[in-house]
Amino acid sequence: MAVFARKASGLVREASLFDAFSYGFFDQAVGACIWAYTSFGLFVVPRGDLMVGILLGLILGVAGAFVWGVLGASMPRSGGDYIYNSRIIHPVVGTIISVSSAWFILIMWNGILCGWVIYGLTHTLGLIGASYELIDWFWSTQGLLICCFLIQVIAATITSFGWRKYAVFQKFVMAIAMAGLVISAVLLTINGPQQFIASWNAVSAEYGSISYNELLSGVEAQGFTVTGGYELMDTLGLITTSNYFTMYGYMISFIGGEIKRPQRNVLLAQLLAVIVPVILASWVTWAAIKTTGIEFLRAGAYIDNAGYIEGYALPFSPIYTSAAAVLTDNVILKFLIGFQLALFSFMYIPVDYLASNRAMFAWGMDQIGPSVFTDINATFGTPLKNQILIFLFSMVVSIMFSLNPELLWTFSVVALETLTLFVITGISGTIFPFVRKVKHIWEASPYKNWKLAGIPVVTLAGVVYIAMLLMSVYFYWVLPAIGFLHPLWDPIYVAVWLFGILWFVFWYYQRKRQGIDILLAFKELPPE
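Some words on the packing of aromatic side chains
- With the rule as written, the count across this model stands at 49 aromatic pairs.
- With 5.2 Å between their ring centres and 45° between their planes, F224 and Y302 make a pair best called tilted. In this pair, F224 sits in the loop between helix 10 (212-220) and helix 11 (232-237) while Y302 sits in helix 14 (residues 294-306), placing the two residues 78 residues apart along the sequence.
- Owing to a relative accessible area of 10%, F224 belongs among the buried residues under this scheme.
- On the basis of relative accessibility, which here comes to 14%, the residue Y302 falls in the buried class.
- Relative to Y508, the ring of F504 lies with its centre 6.4 Å away and its plane at 15°, an arrangement referred to as stacked. One end of the pair is F504 and the other is Y508, both in helix 22 (residues 489-513) and 4 residues apart, which spans about a single turn. For the residue pair F504 and Y508, the accessibility class agrees, reading buried in each case.
- In this structure an aromatic cluster arises from ring pairing among W103, W363, F373, F393, F499, W503, F506 and W507.
- Here the guanidinium or amino end of K290 rests over the ring plane of W286, the centre of that ring lying 5.9 Å away.

Right, dumping it as structure tokens:
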């Protein structure tokens, strides 16, 4: 009997270099992740040097781009890390990591990221002077349920009709989101500390809120570091958040079977999805420090994460977008500055839908899943039935989040995810040129001759990548401010690994009873 579920994948190579880059770029979510970096990052390590932290993220991101890019260009199939790890290391390893990341982690984030989107929406409303009642409604159970439902419907819909239609939507969103981010950067660049402090104090007076200096002293009185210089360990610890906009372009690997000229475009898209966000993050972060002062960003990080302090009455947190918005009286510019947070946060979700869908498709092709996973809708050229399942799971998580946001906000398995998904794929990239069973794939790779001092570039990049990842894991575990993220979710994540093993074993014996040795599939790439 046939080893693969289909003689041809049925997926169409419609994604251009720009489409592939944009897909990875949106999983870096740079506008939203600058907020997370300058807010949560400074809350965790307030004495960190933000600009050096970005440099650390750049090193991690570029090394990772080479690893994922070379793997993806050498094995240009849709399915992500599953394709690489199952062929290079072992199919069980590939299955465990793919099930735990493409199903559990991404679908969990589909629900939780609704909160990020709603934060961006309510932040925007605050910037343009909406009423407290309207802002509060979005965070009510009713508001959360309605918003999460609409978000999931939109995300599922725009990813169900093939690449061409999704690419148009992606370009439209990018134009608006980038406009808001660039406006923020320009306003923070062309103004100085005096203009900012005067503008901030004027807006604060309108709301009866404390002034710039009172804000800083009020947070300092809570025992949080506002003044003072940088410290080395805090700066190194920023790798835990600067990787938000440098590490996640790897999602391009999930659509490898749909990218035109993959031998060239996959690696280029991976690199661009790191370099462009780093340039934007560097610009915005530098301008924010120059204009607001690191003291303001630290104080804002405390308020944004620990809660409001006495006397703070503004309807928005003091983050970089707020700083930019007070520098203009134009309500349209204020709207765009805030709305880009919601847009960048939202675009995580359709990216995740596509990634989970393509991972399921890859499992089905190798026959470690039901054949329905490989059903391609003839009209739209996409596995439409997978979308329905992902939507239903995502809605379950969205409802859980709406009913108990405090619990779901703590969701994080980032340390274990880094050790499995990223480190193990880093190992795959490092050893790829030397593994005998994939020698025929390496020999056909367009990057087999890329060497430095006789060592394959992908191997050197893999070593750097793994080292930076392990540094991140170290700080994930030792930083006291993020210790609350681990106790509940890490054991659940380990349970998902066990589920991944059982999933593979079940389908192995199921296919064996049908006379199919699925292990033969992992000796070659799935059909295009």
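Points about empty space enclosed by the protein
- Across all of its chains, the model carries 3 cavities of 30 Å³ or more by this definition.
- Residue assignment for the lining of the largest cavity shows that the elements contributing at least two residues are helix 3 (50-74) and helix 13 (262-292).
- For the lining of the largest cavity, a count of residues per class yields 7 nonpolar, 6 polar and no charged.
- Put simply, the second largest cavity is a space of about 40 Å³.
- Counting only elements with at least two residues in the lining of the second largest cavity, the list comes to helix 8 (163-190) and helix 16 (331-365).

Looking at helix 16
- The terminal C-alpha atoms of helix 16, which comprises 35 residues, lie 51 Å apart, in line with the 51 Å expected from a rise of 1.5 Å per residue.
- Between the side-chain oxygen at the start of helix 16 and the backbone nitrogen of I332 there is a gap of 2.8 Å, and the oxygen is on N330.

Describing the layout of surface pockets
- In this structure, the second largest pocket spans a volume of roughly 260 Å³.
- In this structure, the second largest pocket is lined by 14 residues; those nearest its centre are V117, I151, I154, F339 and F346.
- Of all the secondary-structure elements, those providing two or more residues to the lining of the second largest pocket are helix 5 (91-127), helix 7 (141-158), helix 8 and helix 16.
- Class assignment for the residues of the lining of the second largest pocket results in 14 nonpolar, no polar and no charged.

Some points on the environment of I349
- Inspection of the secondary structure assignment puts I349 in helix 16.
- Separated by 42 residues in the primary sequence, I349 and F391 place their C-alpha atoms 11 Å from one another.
- With residues up to four places along the chain from it excluded, the contact list for I349 reads N110, L113, C114, I151, Q152 and A155.

Quick notes on the packing of helix 2 (residues 30-44) against helix 14
- Taken N-terminus to C-terminus, the directions of helix 2 and helix 14 make an angle of 85°; their axes are 8 Å apart at the nearest point. In terms of their interaxial angle, helix 2 and helix 14 are classed as roughly perpendicular. Only I294, L297, R298, A301, Y302, D304, N305 and A306 of helix 14 make contact with helix 2, whose side of the interface consists of W35, T38, S39, F40, L42 and F43.
- For the contact of helix 2 with helix 14, the residue count by class is 9 nonpolar, 3 polar and 2 charged.

Considering the packing of helix 13 against helix 14
- In the contact formed by helix 13 and helix 14, the axes pass within 6 Å of each other and the chain directions differ by 105°. In terms of axis orientation, helix 13 runs roughly perpendicular to helix 14. Residues A288, I289 and T292 of helix 13 form the contact with helix 14, whose own contacting residues are I294, F296 and L297.
- The residue makeup of the contact of helix 13 with helix 14, split by class, is 5 nonpolar, 1 polar and no charged.

Quick look at unusual backbone geometry
- Residue A29 is not a glycine yet carries a positive backbone phi of 40°.
- Residue A29 is classed as buried on the basis of its relative accessible area, which comes to 0%.

Focus: the nonpolar core
- By size, the foremost hydrophobic cluster in this structure holds 184 residues, and its most contacted members are Y23, W200, L215 and W363.
- When neighbours within four sequence positions are excluded, L215 is seen to be in contact with W200, I210, F296, A299, I303, I309, Y312 and P318.

Focus on the pattern of salt bridges
- Evaluation of the coordinates by the stated rule reveals 9 salt bridges.
- With a closest N to O distance of 2.8 Å, E258 and R358 form a salt bridge. Taken as a pair, E258 in the loop between helix 12 (239-242) and helix 13 and R358 in helix 16 lie far apart in primary sequence, 100 residues in all. Considered together, E258 and R358 belong to a single accessibility category, that of buried residues.
- In the salt-bridge network here, residues are joined through shared partners; they are K439, E443 and K448.

With respect to a nonpolar patch on the surface
- A cluster of nonpolar residues, W137, I146, F149, L150 and I154, forms a patch on the protein surface that exposes about 430 Å² of accessible area.
- Residue contributions to the nonpolar patch peak at 4 residues, all from helix 7.
- Within the secondary structure, F149 is located in helix 7.

What counts as what
- Residues numbered from 1 in each chain as written.
- Predicted model: local features only at pLDDT ≥ 70, side-chain atom pairs only at ≥ 80, totals over all residues.
- Heavy atoms only, no water.
- Phe/Tyr/Trp six-rings, centres within 6.5 Å; stacked < 30°, edge-to-face > 60°.
- Helix = DSSP H or I, 4+ residues; strand = E, 2+ residues; numbered from the N terminus.
- Buried < 20%, exposed > 50% of the residue type's maximum accessible area, 1.4 Å probe, protein only.
- Lys NZ or Arg CZ within 6 Å of the ring centre and 35° of its normal.
- 1 Å grid on protein atoms, 1.4 Å probe; cavity = no way out; pocket = protein on both sides within 12 Å on 5 of 7 lines; lining within 4 Å.
- Points joined across faces, edges and corners; volume = space filled by probe spheres on them.
- Nonpolar A, V, L, I, M, F, W, Y, C, P; charged D, E, K, R; others polar.
- Expected span 1.5 Å × (residues − 1).
- Polar contact = N/O pair within 3.5 Å; in protein donor to acceptor, adjacent residues only side chain to side chain.
- Contact = heavy atoms within 4.5 Å.
- Axes fitted to C-alpha atoms, helices over the stretch in contact; angles between N-to-C directions.
- Parallel < 35°, antiparallel > 145°, perpendicular 65-115°, else oblique.
- Core = buried A, V, L, I, M, F, W, Y, C linked by side-chain atoms within 4.5 Å.
- Salt bridge = Lys/Arg side-chain N within 4 Å of Asp/Glu carboxyl O.
- Patch = residues over 30% accessible without salt bridge, like charges linked within 9 Å, V, L, I, M, F, W, Y side chains within 5 Å.
- Areas by Shrake-Rupley, 256 points an atom, 1.4 Å probe, with all protein chains shown as cover.

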